[in-house]
Amino acid sequence: MKLLIINGSPRAKGLLSQMLDIMQQEAESNGVMVEIVRTNNLSIKPCVGCMVCRTKNQCMMAEDDSQRVLRMMQEADAVIMAAPCYWGNIPGQMKLLFDRIVYGMMRDTPRFPEPLMKGKRCILLSTCTTPWPFNVLFHQSGGAIRAMREICHYSGFVIVKCIERGGTHHHPTLTDSDRRKCLKAIKQLI
């Protein structure tokens, strides 16, 4: 099995990254091949909205890291998408990635979009500074989950688990509960 982790956090040692490390280690200990993409390390030009990719099934802009990540997603059996909450959404660099690879994740048809990642399994993970349960009630971490869920829905991913962790400003350390949630989720995925 091949697992791709897309880490949308700019903080390499932050809580989100620590949670992904737990998932990566558990997957690898079960013989899963894991690749990691950190969106802040990618070089991607913004989408210009030309819509040519929707008819040609390829981006007309110069090759950059977005196409490389798309190929990795196409080769993976499962994906973990993780993003901290930025204004109730995913960070801009992660959004930029998905804007540029939409043509490889869904195809426009006269009636409904055709999912191109159909059947691939996925975990969604988000953290935010808003304390629990307000991170959920006020759609903070839920906003980031909602954005990733939208990407997954139109792409055909089967979402196995969503994890929302609030209160990272006042409680920035990994808890036993965080560890258990990560281990349980990765076991459901693999």
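### Concerning the overall build of the protein
Consideration 1: The helix and strand inventory of the protein stands at 8 helices and 7 strands.
Consideration 2: Expected size for 190 residues packed as a compact globule is a radius of gyration near 16 Å; at 16 Å, the protein falls within 12% of this value.
Consideration 3: C-alpha extents for the protein along the principal axes are approximately 50 × 35 × 30 Å.
Consideration 4: For the protein, buried positions account for 48% of its 190 residues.
Consideration 5: Considering only contacts in the protein between residues 6 or more positions apart, those separated by 24 or more positions represent 77%.
Consideration 6: As displayed, the protein has an accessible area near 9900 Å², and 53% of this comes from carbon and sulfur atoms.

### Let's talk about the pairing of strand S2 (residues 33-38)
Moving residue by residue along a regular strand, the side chains alternate between the two faces of the sheet.
Consideration 1: As paired strands, strand S1 (residues 2-7) and S2 are joined by 6 bridges and run parallel to one another. Along S2, the bridge assignment pairs Asn-7 with Arg-38.
Consideration 2: A crossover links S1 with its parallel partner S2, the connecting element being helix H1 (residues 15-29), and its sense is right-handed.

### Section: the sheet that holds strand S7 (residues 158-165)
Consideration 1: If you trace the 5 strands from one edge of the open sheet to the other, you get S2-S1-S3-S6-S7, paired in parallel fashion. Since the sheet does not close on itself, it has two edges, and those belong to S2 and S7, each with one partner. The average undirected angle you get between the axes of adjacent strands in this sheet is 15 degrees.
Consideration 2: For S1 and strand S3 (residues 78-84), the ladder comprises 5 bridges, and the chain directions are parallel. Paired with Leu-4 across the bridge in S3 is Val-79.
Consideration 3: On the sheet, H1 packs against S1, S2, S3, strand S6 (121-127) and S7 and is oriented at approximately 150 degrees with respect to S6.
Consideration 4: Set on the sheet, helix H3 (residues 65-75) makes contact with S1, S2 and S3; between it and S1 the angle comes to about 140 degrees.

### What about the packing of H1 against helix H8 (residues 176-189)?
Consideration 1: Following both chains from N to C, one finds H1 and H8 inclined at 45 degrees, their axes separated by 9 Å at the closest point. Relative to H8, the element H1 is oriented oblique. The chirality of how H1 crosses H8 is right-handed. For the pair H1 and H8, contact is made by Leu-15, Met-19, Ile-22, Met-23, Glu-26 and Ala-27 and by Asp-178, Arg-179, Cys-182, Leu-183, Ala-185, Ile-186 and Lys-187, respectively.
Consideration 2: Residue classes in the contact of H1 with H8 are distributed as 9 nonpolar, no polar and 4 charged.

### Topic: empty space enclosed by the protein
Consideration 1: Tallied over the full model, the rule gives 1 cavity of 30 Å³ or more.
Consideration 2: Considering only enclosed or pocket space, the largest cavity measures out at about 40 Å³ in volume.
Consideration 3: Taken together, Ile-5, Asn-7, Ala-12, Ser-17, Leu-20, Asp-21, Ile-36 and Arg-38 form the lining of the largest cavity.
Consideration 4: Among the secondary structure elements, those contributing two or more residues to the lining of the largest cavity are S1, H1 and S2.

Thresholds applied
Residues numbered from 1 in each chain as written. Predicted model: local features only at pLDDT ≥ 70, side-chain atom pairs only at ≥ 80, totals over all residues. Heavy atoms only, no water. Helix = DSSP H or I, 4+ residues; strand = E, 2+ residues; numbered from the N terminus. Rg over C-alpha atoms; globule rule 2.2 N^0.38 Å. Buried < 20%, exposed > 50% of the residue type's maximum accessible area, 1.4 Å probe, protein only. Contact = heavy atoms within 4.5 Å. Areas by Shrake-Rupley, 256 points an atom, 1.4 Å probe, with all protein chains shown as cover. Pairing = 2+ DSSP bridges. Right-handed = clockwise from strand over helix to strand, strands pointing away. Axes fitted to C-alpha atoms, helices over the stretch in contact; angles between N-to-C directions. Parallel < 35°, antiparallel > 145°, perpendicular 65-115°, else oblique. Left-handed = near helix turned anticlockwise from the far one by under 90°. Nonpolar A, V, L, I, M, F, W, Y, C, P; charged D, E, K, R; others polar. 1 Å grid on protein atoms, 1.4 Å probe; cavity = no way out; pocket = protein on both sides within 12 Å on 5 of 7 lines; lining within 4 Å. Points joined across faces, edges and corners; volume = space filled by probe spheres on them.

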